[in-house]
Amino acid sequence: MKLLYPQFLWALTALAIPLLIHLFNFRRYTTIYFSSNRFLQQAVKDSKSINRLRQLLIMAARMIALAMLVIAFAQPYWPAKTDSMAANEYSSIYIDNSPSMLAVVGQTNLLTKARTQAVEIIKNLPEQQKIQILTNDFSGRQLNFYSKIEAIEMVDEIKTSYAFRSNEAITKKIIQAQEKQENPNIDLYWLSDFQKVVFNENVSAPASWTQNIIPVRAEQEVSNIAIDSVWFDRPVLQPGFDQELNIQLSNSGFSENRRVAVSLMLDGQLHGAKEVAISSGAKTVTQFTIRVDQVKAYRGEISIKAGSPFFDNTFYFGFNVSEPFQILMTGDKEMLPKFSKLFNDSIYNLDYSPILELDYQSLKNYDLIILNAAESVPSGLAKAISENLKAGNNTVLIPSTQSSDGVNTVVSTAGFMKLGTKGGDAKAFSISWQDAHFKGVFNSKPKTALLPSVDEYYKYGRTQGYQLLSFENGDPFVSRLTKAGGQLILITSDLEKTNFDDHPLFVPIMLNAALYSRPALDLYTLSGQSNGPKYSSI
């Protein structure tokens, strides 16, 4: 057993207090006069030994209680299985310096407390011990082992870091440092408040390691009001229009309702401020109305005055204000009124042009091209659409019931499989609920869904791309094909042969084909996480 704070053992001198009380029994006796004590003498003899034993037991209990209290302040701990401070030549000390360690404890914070404990551990290690100091910074200096004096100096230099490190990443970093040493045995000390977001995995360490877990936590629950999340009501922001920015606040720990001041800054300028009431243990949403006039990227900052801990009192985000999405429809004009109604919003600009009048060079200016029921397509147009896909723009292909040659020219030029023979009437059976194209569309998955049906369709490869909708026999109804940064949405039935254009699913599939034609940037990224691509590559 080792002691984290051995200096507290001086308090064992307090054990003399019960002993003094026993030796100098300060009990006051009251004299009572009797005419004869002949009958009391035997009772006194019988109880004298019992009283003496009782007093000794009371004294022993007092001394044991005081000793246990002193030992508790010294914080004893057992190194796992072996004496870690003598068995291994190398030690690694991980000190959590994430923002959560700034929680105030009395006159200091958890990070300062962890650094103090780390110094005490280092001082109790053998003089020849080689020590690695590791934090969330993961600096190159932290991949080496140092002497006790150098290690203490490194501990004193530790400051808060906003880098996110999982316990798996920390373990891999220690292994990386260990591989440089001849001795694989390491004594590892974890000093952290052990937040679940970080220590949420069971990571197996090498069997040659001896691990010591030392929680660093506040004596009482830390009450906190934090900025939980931020979002806009509209997926696309345009200049000259009011946008509602939603801010969700959470109140954890406070037993009473609180009021906090919330302020919003855009590009360093104060945009608005208000006071928000939030109930105990609850979440509340407040809004700011934003109107911006320029097409550009904006930097936002939300701040609250909620006291300690301070690290989550400020929330940074960014957003782009864009020009309307440019959409080109070509091919059969019969469905133009339907598409005009669908894209009847200020964020969309829909143009129509017959195939023979298209300027292929201008296609690069469109975010989305809709090729509807074209019986034939010139090779030049097919090549232009393929280049447009490579540039990151999207295309929707709808075959003609008369012939699939037009669509096949486009898909084959883009490097995909052609449509096959016709199939009879069929009904859509399944939806790819989790596909990226449906992000934000469904709040929940219904037990039964009324899906569209077709009178006829063209068969297509079941393994080609991602099936957004499929029939009962497994044939795809709507597929998403990926080429470079662009997406090709292939509908296997002429819209005149299906009720799909009147179905609610038609709206998100078509609108998202336009919305996802540009990089869909999130307002913010959580520390340690990557937004990643919106679509998976094929």
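Residues numbered from 1 in each chain as written. Predicted model: local features only at pLDDT ≥ 70, side-chain atom pairs only at ≥ 80, totals over all residues. Heavy atoms only, no water.

## So, the overall build of the protein
Thought 1: Helices and strands together make up the secondary structure of the protein, namely 10 helices and 26 strands.
Thought 2: Going through the 538 residues of the protein one by one, you find that 44% of them count as buried.
Thought 3: Contacts in the protein between residues at least 24 apart in sequence constitute 69% of all its contacts with a sequence separation of at least 6.
Thought 4: For the protein, the computed accessible surface area is about 29,000 Å², with 52% contributed by carbon and sulfur atoms. (Helix = DSSP H or I, 4+ residues; strand = E, 2+ residues; numbered from the N terminus. Buried < 20%, exposed > 50% of the residue type's maximum accessible area, 1.4 Å probe, protein only. Contact = heavy atoms within 4.5 Å. Areas by Shrake-Rupley, 256 points an atom, 1.4 Å probe, with all protein chains shown as cover.)

## Some details on unusual backbone geometry
Thought 1: Its identity as a non-glycine residue notwithstanding, Gln75 has a phi of 55°, on the positive side.
Thought 2: Despite not being glycine, Asp267 has its phi angle at roughly 50°, a positive value.
Thought 3: Residue classification places Asp267 among the partly exposed positions, given a relative accessible area of 24%.

## Description of the sheet that holds strand 22 (residues 453-454)
Thought 1: Reading across the sheet, the nine strands line up as 17-16-18-19-26-25-24-21-22 and stay open at both edges, with mixed pairing between neighbours. Here the strands that pair on one side only, and so sit at the sheet edges, are strand 17 (348-352) and strand 22.
Thought 2: Here strand 16 (residues 325-331) pairs with strand 18 (residues 368-372) via five bridges, running parallel. Opposite Met329, over in strand 18, you have Ile370 as the bridge partner.
Thought 3: Where helix 9 (residues 405-413) meets the sheet, it contacts strand 18, strand 19 (394-398) and strand 26 (486-491), and its direction lies at approximately 145° from that of strand 19. (Pairing = 2+ DSSP bridges. Axes fitted to C-alpha atoms, helices over the stretch in contact; angles between N-to-C directions.)

## Concerning the packing of aromatic side chains
Thought 1: Applying the stated criterion across every chain, the model contains 12 aromatic pairs.
Thought 2: Seen from their ring centres, Phe317 and Phe319 are 6.1 Å apart, and the 15° between their planes marks the pair as stacked.
Thought 3: Classification of Phe319 as buried rests on a relative accessible area of 7%.
Thought 4: Among the aromatic residues, ring-to-ring pairing joins Phe339, Tyr457, Phe471, Phe477, Phe500 and Phe506 into one connected group.
Thought 5: Here the basic side chain of Lys274 rests over the ring of Phe288, its NZ or CZ set 4.9 Å away from the ring centre. (Phe/Tyr/Trp six-rings, centres within 6.5 Å; stacked < 30°, edge-to-face > 60°. Lys NZ or Arg CZ within 6 Å of the ring centre and 35° of its normal.)

## Side note on the side chain of Lys173
Thought 1: Mapped onto the elements of the fold, Lys173 is located in helix 6 (residues 167-178).
Thought 2: Buried charge Lys173 goes without a salt bridge, the closest partner of opposite sign being Glu179 at 11 Å.
Thought 3: Those residues in contact with Lys173 that lie beyond four places of it in its chain are Gln132, Leu134, Phe138 and Leu143. (Lys, Arg positive; Asp, Glu negative; His and termini not counted. Salt bridge = Lys/Arg side-chain N within 4 Å of Asp/Glu carboxyl O.)

## A closer look at the confidence of the model for the protein
Thought 1: Model confidence for the protein is summarised by a mean pLDDT of 84, while 87% of its residues fall at 70 or above.
Thought 2: Confidence drops under a pLDDT of 50 for residues 81-86, and excluding neighbours within four residues, the segment shows 17 contacts in the predicted structure. (pLDDT = per-residue confidence, 0-100.)

## Focus on the packing of helix 4 (residues 110-123) against helix 5 (residues 148-156)
Thought 1: Look at helix 4 against helix 5: their axes get within 10 Å of each other, and the N-to-C directions meet at 180°. By the angle between their axes, helix 4 is roughly antiparallel relative to helix 5. Here helix 4 contributes Arg115, Ala118, Val119, Ile122 and Lys123 to the contact with helix 5, which in turn contributes Lys148, Ala151, Ile152, Val155 and Asp156.
Thought 2: The residue inventory of the contact of helix 4 with helix 5, partitioned by class, reads six nonpolar, no polar and four charged. (Parallel < 35°, antiparallel > 145°, perpendicular 65-115°, else oblique. Nonpolar A, V, L, I, M, F, W, Y, C, P; charged D, E, K, R; others polar.)

## Concerning a nonpolar patch on the surface
Thought 1: On the surface, Leu19, Leu20, Leu23 and Phe24 cluster together to form a nonpolar patch covering roughly 390 Å² of accessible area.
Thought 2: Tracing the sequence through the fold places Phe24 in the loop between helix 1 (16-23) and helix 2 (41-74).
Thought 3: Looking at Phe24, the relative accessible area reads 48%, which means it is partly exposed. (Patch = residues over 30% accessible without salt bridge, like charges linked within 9 Å, V, L, I, M, F, W, Y side chains within 5 Å.)

## Regarding the packing of helix 8 (residues 379-390) against helix 9
Thought 1: Remark: helix 8 packs on helix 9, axes separated minimally by 8 Å, with the N-to-C direction vectors making an angle of 45°. By the angle between their directions, the pair helix 8 and helix 9 is classed as oblique. Our pair here, helix 8 against helix 9, has a crossing hand that is right-handed. Facing helix 8, whose interface residues are Ala382, Lys383, Ile385 and Ser386, helix 9 presents Thr409, Val410 and Thr413. (Left-handed = near helix turned anticlockwise from the far one by under 90°.)

## So, the nonpolar core
Thought 1: Phe339, Phe343, Ile370 and Phe500 are the most contacted members of the largest nonpolar core, which has 41 residues in total.
Thought 2: The greatest single-element share of this core, amounting to seven residues, is contributed by helix 10 (residues 506-515).
Thought 3: Those residues in contact with Phe500 that sit more than four places away from it in its chain are Pro452, Leu469, Phe477, Val478, Ile491, Leu495, Leu505, Phe506 and Ile509.
Thought 4: Core analysis: the second largest hydrophobic core is formed by 27 residues, Leu4, Ile131, Ala151 and Ile158 among them. (Core = buried A, V, L, I, M, F, W, Y, C linked by side-chain atoms within 4.5 Å.)

## A few points about empty space enclosed by the protein
Which parts of space are left empty comes out when a probe the size of a water molecule is rolled across the atoms.
Thought 1: The final tally for this structure, using the stated rule, is one cavity of 30 Å³ or more.
Thought 2: Taken as a whole, the largest cavity encloses approximately 30 Å³ of empty space.
Thought 3: As for the largest cavity, its lining consists of Ser400, Thr401, Lys422, Glu456, Tyr457, Tyr458, Ser493 and Asp494.
Thought 4: Counted by class, the lining of the largest cavity contains two nonpolar, three polar and three charged residues. (1 Å grid on protein atoms, 1.4 Å probe; cavity = no way out; pocket = protein on both sides within 12 Å on 5 of 7 lines; lining within 4 Å. Points joined across faces, edges and corners; volume = space filled by probe spheres on them.)

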